[in-house]
Amino acid sequence: MSLEEIRQYIQLELLLDETAVIEDDEDLLLSETLDSLSVTRLVQHLESTLRVSIPPEDVTLENFQSLNAIHAYLGSRE
Amino acid sequence: MLMHTGFLIHSAVEAWARETPDAPAMVFGGETQTYAELLAASQRLAAALLENGLQRSDRVGVFLRKGLDLGPAIYGALLAGGAFVPLDPAVPVERLEFMLRDGGIRHVVTSGAMRPTLARLAERMGDTTEAPILYGVDSVDGMVTVSSAEIAARDARDPGVWITDQDLAYLMYTSGSTGEPKAMMHSHRGSLSYARWGLQHVRLTPEDRVASHAPLHFDLSIFDFFSTAQAGGAVVLVPEAVTKFPASWTELVEKERISVVFTVPFTLIEMLERGALDQRDLSGLRWVLFGGEPFPPKHLRALMERLPHVRFTNVYGPAEAPSCTCHDVEPIAEGDDTPISIGTVSVGSDDLILDESDEPITDGAPGELCIRSTTLTLGYWNRPDLNERVFHRRPSFGPFPDVYFRTGDLVQRGEDGRLSFLGRKDRMIKTRGHRVELDEVESALASHPAVQEAAAYTEADGVGSRSILAAVTLANPDDAAITPATLRHHARAKLPPYAVPREIAIVAEFPRTTSGKIDRRALETDVPTP
């Protein structure tokens, strides 16, 4: 999944705001872009779209802090 | 100079800094601040506050994320004779400005990390007489600042300020039904009474490492900071981002050997379901306290089975009268869905259940819980109208204030004397532990010029809490420029993040009751909690 697809999912489905600006390396937690509920929804979305299983121990701050981090984590699962 | 010691909330830090100067007081990101370091940093800040004109009981805003500057901000304000006011770091700037003006807050302790919000604040308040002095940050255009280096250059010594235990210790802002937040006032005596309750109930010792998981503007933090300080234990500050990842949070509990946690059921349910508990060694954890919302028995039972060595306590008490009742949970039998009791009144508290005509209920019928307690708030800041409404005066004998706080919570006393929580009298709701007045959400949406009327309501979120939803009608129903996204954007600028409705629907008209009011019950599509 491309970085762009992850960005769009967060904008359209989680923030319901297509104009929201999200930088590649922006801290999604400090900027309050994501909260714990939206992290859960994002994980479910990634699991169903990519047909992978993301174990709870992988849903960590390190792997989900920014678009870059999420992208890198998904790359490591390929 | 004289200091009225022993009854002040910060006296414990002074005492432990003398007794065990090298013991850890605050822990954050692998770094430790000892009691001696905490006291010295607090004294330096107190000196800076006093030099800049802080007077007894003046309010000092604490606008910081979790970090080792948090403890000195709180204790510095108190040592200087002021009262601290937690300011939510995630709050929109408009709401921050409201609190600063409403609270008459002329001193704010902050840091460079908050610079984006401070710059926007300066655009709104800079160069006015109401603009606060900012401490802990280098120059911000239009604002007077005192940098960290300037604070560090002060002498670390007792500022020798005279205050008593009746003085204001902190103001805590919470959601207000008028569309603006309201603040409750707490004295040193009340805070100390709460801190001592925590110390005694959990039997805290200097070996304890207590998590500070809740944000500072959430009253659970008073237990985290002050009960721990009473015991000379360590507060392990949990970064905000970690609280959003159950697996990172449980990892921190293990790594930091956290022994006591006080949080909301939502956090504990997430910990159970996504905390990777089977891979964690939580043998250091000995006591979990929870409050703010009912804990679904099914989930609590599962968590208790996973952590058989841990004691669990349900703590009830609005932020106006914290920890007024509590209940140590006994093992729950499989299939037992009886709601978890909120228990009986704590030492130092006394309850009264009133019927609709303010007469005491003695036969076990449901009624409004009224509390008088040594932890009771002094009342709402600048809101005599509210004080009139929520305090019920009933002179009596005994070591209690002669006012009862009307909690707005409906309860029923069982035959065993324990109280069951039945719901709310008004439109205040809890979402993941946060108090939100639905009237405030509606006011925020209705303040958009294109909105005719707004209705906020809730639905169960499946993990024991509720989500906020809203619907609006437009002044011009054909206004295509207005979308749910524009309204959400508007709400995000007015409300704290947790109070922004998850979905906002634009509807042609609302369902109405026979009296013509919006029928919010019809809007709710209530799904029972699984």
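Note that this is a predicted model, so its numbers are computed, not measured.

Student: How would you summarise helix H15 (residues 484–494) of chain B if you had to cite specific residues and measurements?
Tutor: Burial in H15 of chain B covers these residues: Leu487, Arg488, His490 and Ala491 of chain B. Burial along H15 of chain B is one-sided: seen end-on, the buried residues are contained in an arc of 160 degrees. Taken together, the buried residues of H15 of chain B touch helix H1 (3–14) of chain A together with helix H14 (438–446), strand S25 (451–460), strand S26 (466–474) and strand S27 (503–506) of chain B.

Student: Can you explain the interface of chain B and chain A? Please cite residues and give values.
Tutor: Across the contact, 20 residues belong to chain B and 19 residues belong to chain A. For the pairing of chain B and chain A, the buried interface totals around 2,000 Å² over both sides, and the portion due to carbon and sulfur atoms is 58%. Linking chain B with chain A are 1 salt bridge. Between Arg432 of chain B and Asp35 of chain A there is a salt bridge, with the nearest N and O atoms lying 3.8 Å from each other. Summed over the shared surface of chain B and chain A, the number is 5 residue pairs in polar contact (both at pLDDT 80 or more). Counting residues per element, the ones that place at least two in the side of chain B that touches chain A are helix H9 (240–243), helix H10 (246–255), helix H11 (265–274) and H15 of chain B. Counting residues per element, the side of chain B that touches chain A draws most heavily on H15 of chain B, which supplies 4 residues. Classifying every residue of the side of chain B that touches chain A gives 9 nonpolar, 3 polar and 8 charged.

Student: Provide a residue-level description of the domain arrangement of chain B, including the pertinent values.
Tutor: Residue and element names in this part refer to chain B. As assigned here, chain B comprises domain 1 (29–163), domain 2 (344–424) and domain 3 (428–526). Of note, the centres of domain 1 and domain 3, computed from C-alpha atoms alone, are 35 Å apart. Counting residues at the interface gives 5 residues for domain 1 and 8 residues for domain 3. Where domain 1 abuts domain 3, roughly 520 Å² becomes buried across the two surfaces, and 44% of that area is made up of carbon and sulfur atoms. For the domain 1 face of the interface with domain 3, the top three residues by lost area are Pro92, Glu94 and Arg95, together amounting to 78%. For Glu94, the salt bridge is made with Lys494, and the minimal N-O distance between the two is 2.7 Å. The tally of links from domain 1 across to domain 3 stands at 2 residue pairs in polar contact (both at pLDDT 80 or more). The residue inventory of the side of domain 1 that touches domain 3, partitioned by class, reads 2 nonpolar, no polar and 3 charged.

The rules behind the values
Residues numbered from 1 in each chain as written. Chains lettered and ligands numbered in written order. Predicted model: local features only at pLDDT ≥ 70, side-chain atom pairs only at ≥ 80, totals over all residues. Heavy atoms only, no water. Buried < 20%, exposed > 50% of the residue type's maximum accessible area, 1.4 Å probe, protein only. Helix = DSSP H or I, 4+ residues; strand = E, 2+ residues; numbered from the N terminus. Arc of directions from axis to C-beta. Contact = heavy atoms within 4.5 Å. Buried area = accessible area lost by both parts, 1.4 Å probe. Salt bridge = Lys/Arg side-chain N within 4 Å of Asp/Glu carboxyl O. Polar contact = N/O pair within 3.5 Å; in protein donor to acceptor, adjacent residues only side chain to side chain. Nonpolar A, V, L, I, M, F, W, Y, C, P; charged D, E, K, R; others polar. Domains from an automatic or database assignment.

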